[in-house]
Amino acid sequence: MNDKIIIYTDGACSGNPGKGGWGALILNDGNCQEFYGGDASTTNNKMELTAVINALQRVGHTDKQISIWTDSQYVKNGMTVWINTWKKHRWINSQREPVKNKDLWITLDRLCAKKNITWHWIKGHNGHPENERVDELARQGIAELD
């Protein structure tokens, strides 16, 4: 496991838009880091992206293989299927509309550059311990807004 970093992320929203939270867990060299945050007015997709962005910012530069686990098809497909087409078409999507959350996608793309990342989707709320934990952290981010 020392040659690999494993990241789990989740975002949550109370109302969409509404109060939102994000959580992330990083497993690296036998250590586990957990962190979270929130936003008083946001969307679920923004919180999903924010979770991954914050995790990669904490990882910083590394030559290690990074596995990112998310229950967001939006994030996984955005980074593995859609982003190159969006960039090629100047951030216009297949419906010929501006890509939503462009600023976050640009930040995430920049953070992924020069990193060896594999993206994984995991079904949310399905009993997976790390996925359940990042969901708890995201909800904590919402709760602390009150």
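The notes below deal with the structure included here.

Conventions we followed
Residues numbered from 1 in each chain as written. Predicted model: local features only at pLDDT ≥ 70, side-chain atom pairs only at ≥ 80, totals over all residues. Heavy atoms only, no water. Helix = DSSP H or I, 4+ residues; strand = E, 2+ residues; numbered from the N terminus. Buried < 20%, exposed > 50% of the residue type's maximum accessible area, 1.4 Å probe, protein only. Contact = heavy atoms within 4.5 Å. Polar contact = N/O pair within 3.5 Å; in protein donor to acceptor, adjacent residues only side chain to side chain. Phe/Tyr/Trp six-rings, centres within 6.5 Å; stacked < 30°, edge-to-face > 60°.

## Regarding the environment of Asn 16
Tracing the sequence through the fold places Asn 16 in the loop between β1 (4-15) and β2 (18-28). In this structure Asn 16 comes out as exposed when scored by relative accessible area, which is 56%. With sequence-adjacent residues up to four places away left out, Asn 16 is seen in contact with Thr 42, Thr 43 and Asn 44. A polar atom in the side chain of Asn 16 sits 2.9 Å from the backbone nitrogen of Asn 44.

## What about the packing of aromatic side chains?
As enumerated under the stated definition, the model contains six aromatic pairs in all. Taking 5.2 Å as the distance between ring centres and 65° as the angle between the ring planes, the aromatic pair formed by Tyr 74 and Trp 105 counts as edge-to-face. Of this pair, Tyr 74 sits in helix α2 (residues 73-88) while Trp 105 is found in helix α3 (residues 102-112), placing the two residues 31 residues apart along the sequence. The exposure classification of Tyr 74 matches that of Trp 105, with both residues buried.

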